[in-house]
Amino acid sequence: MIPSLVPWPAEVGLRQGALRLDVSEPRAVLARARHARGDSPQEGYRLRIDADGIRIDAATPAGAFYGERTLRQLVSRDAEGYFLPFVDIRDTPRFAHRGIMLDVARHFQSVEVVERLIERAADLKFNALHLHLTDDQAWRLALETHPELARHGSATSIGGDAGGFYSVDDVRRIVTHAARHHMVVVPEIDLPGHTHAVGLSHPELVADPVLAPSVVEVVERFGGGLPRAGAPYTGLAVGFSSFDAHAPRLEEFLHEVFAEVASLFPGPYLHLGGDEALGTSNEDYRSIVDMAVRAVAATGRLPIAWHEAGAADLPREAVFQYWGFLSPTDEHAELVDRAASRGGSFILSPADAVYLDMKYDEETAAGLTWANGPTSVERSYSWDPSDVIAVPEERILGVEAAVWTETIADEATLEHMVFPRIASAAEAAWSRPLGSPERSWERFRDRLAGLGALWDAEGIRFFRSPEIPWA
Ligand code: TNX
């Protein structure tokens with residue numbers, strides 16, 4: 001076992017001996033590595049450390065980058081200074097998509113916060129940042145074709161906290177920073193539900209809020225008042241808003257919005273939401289999702305949608321993001337079957353494991369508990385992507401942890417909720433299946449304890465969960 005190696009690599013050969021380093025801080029070790037072109041597949045790499053020094057072989061820049069991430073985690077320190085163990089590591093990810101979703105709608109997150117999350121997630125070999133840009137509470141993207149959306153739709157956050165939006169320049173910064181860290185940004189424009197904020201500038205495109213008992217119940221429990229047409233919503237109820245399927249300009253609007261979103265975000269995917277549209281009839285749901293699918297198709301990109309969109313007719317190449325539980329309810333299993341029967345592939349975000357906004361335990365100040373919570377670090381770790389839904393592994397594109405921000409208003413809270421459980425998702429996405437060597441909760445717990453020292457050095461205010469034997 002090598003303390004602090006997360007996610008665990010595909011093959012680790014450990015040799016006798018250590019390489020002493022004359023560096024003053026651990027990251028300086030990166031400059032000591034000799035790079036060569038190797039034949040590792042895609043994002044893979046080989047890292048050798050011996051008396052001759054450090055060598056990273058990779059076929060792609062991403063592979064070389066991941067070799068460096070591993071190298072950084074191997075640095076230890078004793079009385080004589082920094083050193084590295086002799087190793088021969090061959091590594092390649094299990095899944096192509098390793099994502100972290102950040103909800104910037106419920107609470108706005110500044111560009112700097114997003115950039116830091118990118119750096120820290122990339123250190124754990126994540127390669128996708130999914131930005132949940134729009135919701136009932138706000139529209140966070142200043143589009144040149146539709147400036148009114150952010151102008152009227154981004155002033156606040158939940159609880160009346162400060163709002164904000166990303167300008168076109170901000171988006172460029174985020175996308176560029178992500179690309180430097182070998183991450184792609186997946187923008188989400190959520191529909192047909194989660195669209196209350198659109199109504200602040202386009203009342204003609206949305207239906208009136210539907211105040212179902214579930215909405216009233218959340219308002220009674222958490223406050224924030226009932227949503228009202230045309231007024232900003234700062235509570236945390238879901239499922240009351242909808243685009244109006246019969247609004248004459250809706251399809252044109254969606255084409256304009258997705259066209260500009262595609263021009264800002266260079267990745268292969270556009271996420272069109274599709275979740276929790278409880279205020280939309282089945283017929284209207286299908287018709288609005290169809291419009292969005294046509295709008296995405298017109299950009300040449302591929303659609304991603306939450307798994308409820310299995311109820312609509314998405315194209316074969318569509319990707320579904322599963323957010324149900326580790327043991328799917330019948331309803332969710334049916335939607336997954338329907339999506340799978342049409343050829344879709346899946347990103348797994350089981351809410352009772354990798355929804356990082358769930359409380360860790362009863363004492364966690366922030367966070368929610370609806371997903372079978374609280375969610376301990378152990379629960380976030382102890383599952384395997386091939387055991388969740390009835391879909392063959394070739395059709396599982398990857399794993400994505402999600403950070404919803406109803407209760408996350410500042411970076412300290414964000415770090416507290418995200419770290420350490422993000423490491424569980426990193427390992428589910430990158431490493432061999434649960435039960436392979438080192439892929440057990442006991443071994444993970446020990447390695448995570450070592451990683452804590454690195455996180456401390458980087459100033460990450462992670463939750464010192466009592467489940468982990470932190471050094
Ligand atoms: C569910 S599951 C949501 C979000 C909430 C989150 C809070 C899914 C796709 N949507 O709207 O923010 O729960 O945990």
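None of the values given here were measured: they were computed from a predicted structure.

Enquirer: What is the right way to look at helix H12 (residues 421–430) in this model?
Expert: Structurally, the α-helix is built with 3.6 residues per turn, so residues lying three or four positions apart point the same way. Of all ten residues in H12, ten are buried, a share of seventy percent or more. The set of residues buried in H12 consists of Arg421, Ile422, Ala423, Ser424, Ala425, Ala426, Glu427, Ala428, Ala429 and Trp430.

Enquirer: What's the story with the site of the ligand in this structure? I'm lost.
Expert: Neighbouring the ligand are 14 residues; Arg106, Glu276, Asp357, Trp370 and Glu406 lie closest to it. A distance of 3.1 Å is found between a nitrogen atom of the ligand and a side-chain nitrogen or oxygen belonging to Asp275. Protein contact buries 97% of the 370 Å² of open area that the ligand shows by itself. Among the residues forming the shell around the ligand, the class breakdown is eight nonpolar, one polar and five charged.

Enquirer: Help me understand the sheet that holds strand S10 (residues 269–273), please; the structure alone is not making it clear to me.
Expert: Sheet strands line up and pair through hydrogen bonds in the backbone, either parallel or antiparallel. With respect to topology, eight strands assemble into a closed barrel ordered S7-S8-S9-S10-S11-S12-S13-S14, the strand pairing being parallel. The average undirected angle you get between the axes of adjacent strands in this sheet is 30 degrees. Inspection of the sheet shows strand S9 (residues 184–191) paired to S10 by two bridges, in the parallel sense. What sits directly across from Glu188, in S10, is His271. Relative to strand S7 (residues 97–103), helix H2 (residues 111–123) is tilted by about 155 degrees, and along the sheet it contacts S7 and strand S8 (128–132). Contacting S9, S10 and strand S11 (302–306), helix H7 (residues 282–299) crosses the sheet at an angle of about 165 degrees to S10.

Enquirer: Would you explain unusual backbone geometry in this entry?
Expert: Excluding glycine, a negative phi dihedral is what most residues carry, and trans is how most peptide bonds are arranged. Omega for the peptide link from Gly373 to Pro374 comes to 0 degrees, which places this bond in the cis form. Mapping Pro374 onto the fold places it in the loop between helix H9 (351–354) and helix H10 (377–381). In this structure, the amide linkage connecting Phe419 to the following residue, Pro420, adopts the cis form with an omega of 15 degrees. Inspection of the secondary structure puts Pro420 in the loop between helix H11 (411–418) and H12. Phi at Ser4 is positive, roughly 80 degrees, even though this residue is not glycine. Relative to the assigned elements, Ser4 resides in the segment before strand S1 (11–20). The phi dihedral of Asn372 is positive, around 60 degrees, even though this residue is not glycine. Relative to the helices and strands, Asn372 is located in the loop between H9 and H10. Classification of Asn372 by relative accessible area gives partly exposed; the value is 42%.

Enquirer: What should I look at first to understand the side chain of His196 in this one?
Expert: In this structure, His196 sits in the loop between S9 and helix H5 (213–222). The class of His196 is buried, set by a relative accessible area of 6%. Contact partners of His196, with chain neighbours within four places excluded, come to Asp136, Pro209, Pro227, Arg228, Ala229, Gly230, Ala231, Pro232, Tyr233, Phe240 and Ser241.

Enquirer: Is there a simple way to think about the pairing of strand S12 (residues 319–322) in this case?
Expert: Here S12 shows two buried faces, one formed by Val319 and Gln321 and the other by Phe320 and Tyr322. Relative to strand S13 (residues 345–348), S12 runs parallel, the two sharing four bridges. In the sheet register, Val319 faces S13, and the bridge partner there is Ser345. Viewed along the sheet, the connection from S12 through helix H8 (residues 330–341) into S13 turns out right-handed.

Enquirer: It is not clear to me how the domain arrangement of the protein should be interpreted in this structure. Could you clarify?
Expert: One frequently used descriptor of interface size is the decrease in accessible area upon assembly of the parts. With domains assigned, the protein is organised as domain 1 (14–91) and domain 2 (97–458). Opposite the twelve residues of domain 1 that make contact, domain 2 presents 14 residues. When the buried surface of domain 1 facing domain 2 is broken down by residue, Phe65, Tyr66 and Gln73 rank first, second and third, together holding 43% of it. Linking domain 1 with domain 2 are four salt bridges, by the criterion used here. Glu43 serves as the salt-bridge partner of Arg98, at 2.9 Å between the closest nitrogen and oxygen. Applying the counting rule to domain 1 against domain 2 returns eight residue pairs in polar contact (both at pLDDT 80 or more). Examining the composition of the side of domain 1 that touches domain 2, we find that eight residues originate from one element, helix H1 (residues 61–74), more than from any other. Considering only residue class, the side of domain 1 that touches domain 2 consists of five nonpolar, two polar and five charged.

Calculation criteria
- Residues numbered from 1 in each chain as written.
- Predicted model: local features only at pLDDT ≥ 70, side-chain atom pairs only at ≥ 80, totals over all residues.
- Heavy atoms only, no water.
- Buried < 20%, exposed > 50% of the residue type's maximum accessible area, 1.4 Å probe, protein only.
- Helix = DSSP H or I, 4+ residues; strand = E, 2+ residues; numbered from the N terminus.
- Near = heavy atom within 4 Å.
- Polar contact = N/O pair within 3.5 Å; in protein donor to acceptor, adjacent residues only side chain to side chain.
- Areas by Shrake-Rupley, 256 points an atom, 1.4 Å probe, with all protein chains shown as cover.
- Nonpolar A, V, L, I, M, F, W, Y, C, P; charged D, E, K, R; others polar.
- Pairing = 2+ DSSP bridges.
- Axes fitted to C-alpha atoms, helices over the stretch in contact; angles between N-to-C directions.
- Contact = heavy atoms within 4.5 Å.
- Right-handed = clockwise from strand over helix to strand, strands pointing away.
- Domains from an automatic or database assignment.
- Buried area = accessible area lost by both parts, 1.4 Å probe.
- Salt bridge = Lys/Arg side-chain N within 4 Å of Asp/Glu carboxyl O.

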